Amino acid sequence: MMQYILNTWIFVDRVLNGESQVAFLDDANELGADGVEVRYEYFTDRATEATAIRVKAANLGLTINLSVPDEVFVQGQVNQKLDEYFNFAKQLGVTKIKFNLGDFTQYTGDLAHDLLIPAGLTVNIENDQTVISGHSAPILKFLAAAQGAQVPVGYVYDLGNWAVMGEDATETARLLAPYVDYIHLKNMQGAENAVTTDLNVGKLDWHQVLDILPRDIDIAIEFPITETQHIAQQLALVKAYKGDF
């Protein structure tokens, strides 16, 4: 069953004011979300906060996902820090962990041997906003190679990032749909698509994209929002379109 997730980038103003991501679980629960995607870079005391998040999420019945701003491949090699991230994900009780692809184009190894994923953890890569791993061609090449090597890696479709990278969001949705495990929703506007914005204000047709992508996969709202009422409204928009509201 699909779930509606709030990525903690939503609360970035509160993070900058010193709030822990632990507090955002209560917000998510009150707003009717099914889970929270916490961001690795927002932790200040990882051990303490991980325990608090795991316990609170269990008490509230929330799913926890983890976004890591690091790459699976660094200079053509599997990132040596992946095990550190996987261990932290276990501390959090994470369902999904997300990375950027990185420099897969120079990789010449054996994926089945080099990219070992712990049982019970779903690993995804996302299209980011970099030349090396923000375009569809290297992402498709990696996902096909992983599938061929029976390495269970999925894909996070990030709507807004395609506009930044100059690729057509609907076309990339069609190309990548077979691999999509998770969706990040935000919209874009402004010069060079530099500003994230309300789903119904930006230039991208998120309705059309959702119609193309697999229907029963998790969706996270992922852009800064300052007002609780606005968060609730964005969540309601997506739920209504999916027929769950």
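A brief structural summary. (Residues numbered from 1 in each chain as written. Predicted model: local features only at pLDDT ≥ 70, side-chain atom pairs only at ≥ 80, totals over all residues. Heavy atoms only, no water.)

**Some remarks on the layout of surface pockets**
Phase 1 of the analysis: When its volume is computed, the largest pocket comes out at roughly 290 Å³.
Phase 2 of the analysis: Arg-39, Glu-126, Asp-128, Gln-129 and Asn-161 are the residues nearest the centre of the largest pocket, which is lined by 21 residues in total.
Phase 3 of the analysis: The set of elements that each furnish at least two residues to the lining of the largest pocket consists of strand S3 (63–74), strand S5 (96–102) and helix H7 (159–165).
Phase 4 of the analysis: Considering each element in turn, the lining of the largest pocket owes the most residues, three residues, to S3.
Phase 5 of the analysis: Considering only residue class, the lining of the largest pocket consists of six nonpolar, seven polar and eight charged. (1 Å grid on protein atoms, 1.4 Å probe; cavity = no way out; pocket = protein on both sides within 12 Å on 5 of 7 lines; lining within 4 Å. Points joined across faces, edges and corners; volume = space filled by probe spheres on them. Helix = DSSP H or I, 4+ residues; strand = E, 2+ residues; numbered from the N terminus. Nonpolar A, V, L, I, M, F, W, Y, C, P; charged D, E, K, R; others polar.)

**Here's the deal with the pairing of strand S8 (residues 180–185)**
Phase 1 of the analysis: S8 sits mainly inside the fold: five of its six residues count as buried.
Phase 2 of the analysis: Inspection of the sheet shows strand S7 (residues 153–158) paired to S8 by four bridges, in the parallel sense. By the bridge assignment for S8, Val-156 is matched with Tyr-182.
Phase 3 of the analysis: Pairing analysis gives four bridges linking S8 to strand S11 (residues 218–221), with the strands arranged parallel. By the bridge assignment for S11, Ile-183 is matched with Ile-219. (Buried < 20%, exposed > 50% of the residue type's maximum accessible area, 1.4 Å probe, protein only. Pairing = 2+ DSSP bridges.)

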